[in-house]
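# Breakdown of the fold
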Amino acid sequence: MYYALVDCNSFFVSCERLFAPHLKKLPVVVLSNNDGCVVSRSNEAKKIGIKMSSPFFEVEKVLQQHNGVAFSSNYPLYSDLSNRVMQVLSQESCLMEVYSVDEAFLSFDRIDIDLNEWGRMLKHKVEKAVGIPVSVGVARTKTLAKLANNMAKKSLKAQGVVILDNQKFEKNARERTSIDQVWGIGKSSSQKLSLLGIKTAQDFASYSNKKLIKSLLSINGIRTQQELLGKSVFEFDEHPQLRKQIISSRTFKESLYLTKDIESPVSNFVMTACEKLRAEGQVAHTITLSLRGNPIVEKDNCFYSARTFSFLSPHCDSLAFNQAALKILNVMHKDGISVRRAMISITDTVTANQRQLSFLEESHAEGEILSGLMDKVNQRFGRGALVPLVSNEKSHWKKSLEDRVSNRFTTDWNQILKVR
Amino acid sequence: MQNYMNSQKDKSVSLYGTQVSCGFPSTVDDFCEGVLSLDDLIVKSPASTFFVRSIGDSMSPYIDEGDLLVVDKSITPSNGNVVLAVVFGEFSVKRIHQSTDLLELTPDNPSYKKMLFKDGDDVEIWGVVTTVIKNSLI
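These notes cover the structure that comes with them. Just so it is clear, the model here is predicted, and its values are computed rather than measured.

### What about unusual backbone geometry?
Excluding glycine, most residues fall at negative phi; most peptide bonds, likewise, are trans. For the bond from S60 of chain B to P61 of chain B, the omega torsion is 5°, close enough to zero to count as cis. By secondary structure assignment, the location of P61 of chain B is in the loop between β2 (49–54) and β3 (68–72).

Shown next as structure tokens:
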């Protein structure tokens, strides 16, 4: 069984360049909602030092100096082009799993085909049909395919396709990949591992003390090790999950009756849970708020309610989770209902470096940076030094006039490309 | 559970269609076929089909200003096809002729000049114009 990971190069930027070919060799970036920060960069933009998630105002000047262009996010366009890429990939006779807006796993039993040729053919097919450049990594396991794909992106020699079809190549790939680039190894995990002298994927794969690995990284650490060594453990629609659920809760000293009194502790729980999430280097999709009355006193009349909100794209933005939690609270609770215990749980987590920005929702990059800064301040000055303003009003991060947005070339008849 | 789910908007645009009612349970049912769809006819490869609007007259009278062009990126052009090209970073609709070392992009309109390119020149074929929908009442 072989796995191929196909993913688009600088996806949002590539989408823009398809309809603006004069930008092919210039530094180009795409900005998050409200043109806040950089969420996609062309290679030329990387070369002039523009980092991912940089606030736009920081990079505006250097971009101008190099005749670069910044675009506002154009989600309808990216969504449509993503569908087209996936459509082309789905024509292969393989099992396919769309992993994110610009990545898909294909799996197949190795028949006697030249994998290199196949990989190049597939890359060419997508680029010709849709005009979006992709990289292809093929290996015996998903984790190795991810490594291969990473190498395909970075190596000029590889020209976008890397096949790991023997143990020598697999070892070479592990040696060339730093531990924090391994699928399933989060930031805090890689920090723990580097204390053990584990700096590369090869170090990790060959680390013999399995007990220690299991205690540090739980069963997923072992599974990732196995995958790195060529044993396929994550099958279809399976990914390495780190902490599956993060909970923060408390039973109150006294029952609370007013919704506005419950907002404050709920916000605190959200903050705590998000701090834990970020400390793990993870992002999450779902937040659940549960409320409970006092079962001892109220017995059968005890109030119990739980509601969930899911974001299409995972994030670690405290402010967004907080907003969602308060919205849920106001739906679930009315003044007069006695509440003695509240619990926030954050679930459907994935490691932060795999998440992709959703094409239908507001980007959380700004919020995440802010949340990170908030963590630092709270660490220094004590928990609670900075808290989000408990508010039911609509977020002041409304979609402002994004005048750097390109046309909806494929979803609006009035905005299709004009040619001479 | 409240969910923001990705709802795929139905993208098929039937520009033309009449309803054929097959309400009579009779032998007619056996001959009831699908409605004719312009989308099915014109868009052979949805993933690689794009619509663009002409705003020039370099290909007049075949293509006039305001016409809608159907462009398929996946097709390799044959000599004589109309293509959407990118010339020095700009889009251009022209008729293509490729010989061994020369690429010609020729306008149908005689008031415009033919363009010649050698290997290595900054020219790219973006796609082939498969259908021209004249600017009518739509």
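Next comes the rest of the account.
### Some words on the sheet that holds strand β6 (residues 103–108) of chain A
Residues and elements named next belong to chain A. One open sheet accounts for five strands, arranged β5-β6-β1-β7-β8; its pairing is mixed. The sheet is open, and its two borders are formed by β5 (95–100) and β8 (161–163), each paired with just one other strand. Adjacent strand axes in the sheet meet at a mean angle of 15° when their direction is disregarded. Relative to strand β7 (residues 134–139), helix α6 (residues 142–154) is tilted by about 140°, and along the sheet it contacts β1 (2–8), β5, β6, β7 and β8.

### Notes on the packing of helix α1 (residues 11–18) of chain A against helix α4 (residues 75–89) of chain A
All names here are of chain A. Across the interface, α1 lies against α4 with an axial gap of 10 Å and an inter-helix angle of 95°. Accordingly, the angle class assigned to the pair α1 and α4 is roughly perpendicular. Residues F11, F12, C15, E16 and L18 of α1 touch α4, and the partners they reach there are Y75, L77, Y78, L81 and S82. Its residues placed into classes, the contact of α1 with α4 shows eight nonpolar, one polar and one charged.

### Describing the environment of S82 of chain A
Residues and elements named next belong to chain A. Looking at where S82 falls in the secondary structure, it is placed in helix α4. Each C-alpha atom, one on S82 and one on C15, is 9.0 Å from the other, the two residues being 67 residues apart in sequence. Excluding its chain neighbours within four sequence positions, the residues that come into contact with S82 are F11 and V101.

### What about α1 of chain A?
Here α1 of chain A lies mainly inside the structure; eight of its eight residues are buried. Residues of α1 of chain A that are buried include every one of F11, F12, V13, S14, C15, E16, R17 and L18 of chain A, and no others.

### Focus on the state of the cysteines
Residues and elements named next belong to chain A. Applying the stated criterion across every chain, the model contains zero disulfides over all chains. C15 provides the cysteine sulfur closest to C8, a residue in no disulfide bond, and the two sulfurs are 7.3 Å apart. Accessibility expressed as a relative area gives 4% for C8, which makes it buried.

### Side note on the interface of chain A and chain B
On the side of chain B, 36 residues touch chain A, which itself brings 31 residues to the contact. Between chain A and chain B, roughly 3000 Å² of surface is buried when both sides are summed, and carbon and sulfur atoms account for 61% of that area. When residues of chain A are sorted by the area they lose upon contact with chain B, W413, V419 and R420 of chain A head the list and together hold 24% of the total. Connecting chain A to chain B are one salt bridge. In this structure, K24 of chain A and E124 of chain B form a salt bridge, with 2.9 Å as the shortest nitrogen-oxygen distance. Linking chain A with chain B are 11 residue pairs in polar contact (both at pLDDT 80 or more). For the side of chain A that touches chain B, the elements supplying multiple residues, two or more each, are α4, α5 (115–130), β11 (304–315) and β13 (417–419) of chain A. With six residues, the single largest contributor to the side of chain A that touches chain B is α4 of chain A. For the side of chain A that touches chain B, the per-class residue count stands at 16 nonpolar, seven polar and eight charged. Relative to β2 of chain B, β13 of chain A runs parallel, the two being bridged by three bridges. When the bridges of β2 of chain B are listed, L417 of chain A appears paired with V52 of chain B.

Conventions used here
- Here the residue index of a chain counts from 1 through its sequence in written order.
- Here every chain gets a letter starting at A, and every ligand a number starting at 1, in the order they are written.
- Selection of residues for local features in this predicted model requires a pLDDT of at least 70, selection of side-chain atom pairs for listing and counting requires 80 or more, and totals for whole chains, interfaces and linings are taken over all residues.
- The side-chain quantities take in all heavy atoms of the structure and omit both hydrogens and water.
- Per the convention used, a helix needs a DSSP run of H or I reaching at least four residues, while a strand needs a run of E reaching at least two, with both numbered from the N terminus.
- Paired strands are those between which DSSP finds at least two bridges.
- Fitted lines through C-alpha atoms serve as axes, helices being fitted only where they are in contact, and the angles separating the N-to-C directions of these axes extend from 0 to 180 degrees.
- Contacts were defined at the residue level, with two residues in contact if any of their heavy atoms lie within 4.5 Å.
- Roughly parallel covers angles under 35 degrees, roughly antiparallel covers those over 145, roughly perpendicular covers 65 to 115, and oblique covers all other angles.
- When residues are sorted by character, Ala, Val, Leu, Ile, Met, Phe, Trp, Tyr, Cys and Pro go into the nonpolar class, Asp, Glu, Lys and Arg into the charged class, and all the rest, Gly among them, into the polar class.
- Remark: exposure states derive from per-residue accessible area (1.4 Å probe, protein chains only) relative to the maximum for the residue type, with buried under 20%, exposed over 50%, and partly exposed in between.
- Disulfides are defined in this document as cysteine sulfur pairs within 2.5 Å.
- We define buried area as the total accessible area lost by two parts upon association, computed with a 1.4 Å probe and summed across both.
- We count a salt bridge whenever a side-chain nitrogen from Lys or Arg sits within 4 Å of a carboxyl oxygen from Asp or Glu.
- For this analysis, a polar contact is any N or O atom pair within 3.5 Å, provided that within protein one partner can donate a hydrogen and the other can accept it, and provided that sequence-adjacent residues contribute only side-chain to side-chain pairs.

All we've got here are geometric facts, nothing functional implied.
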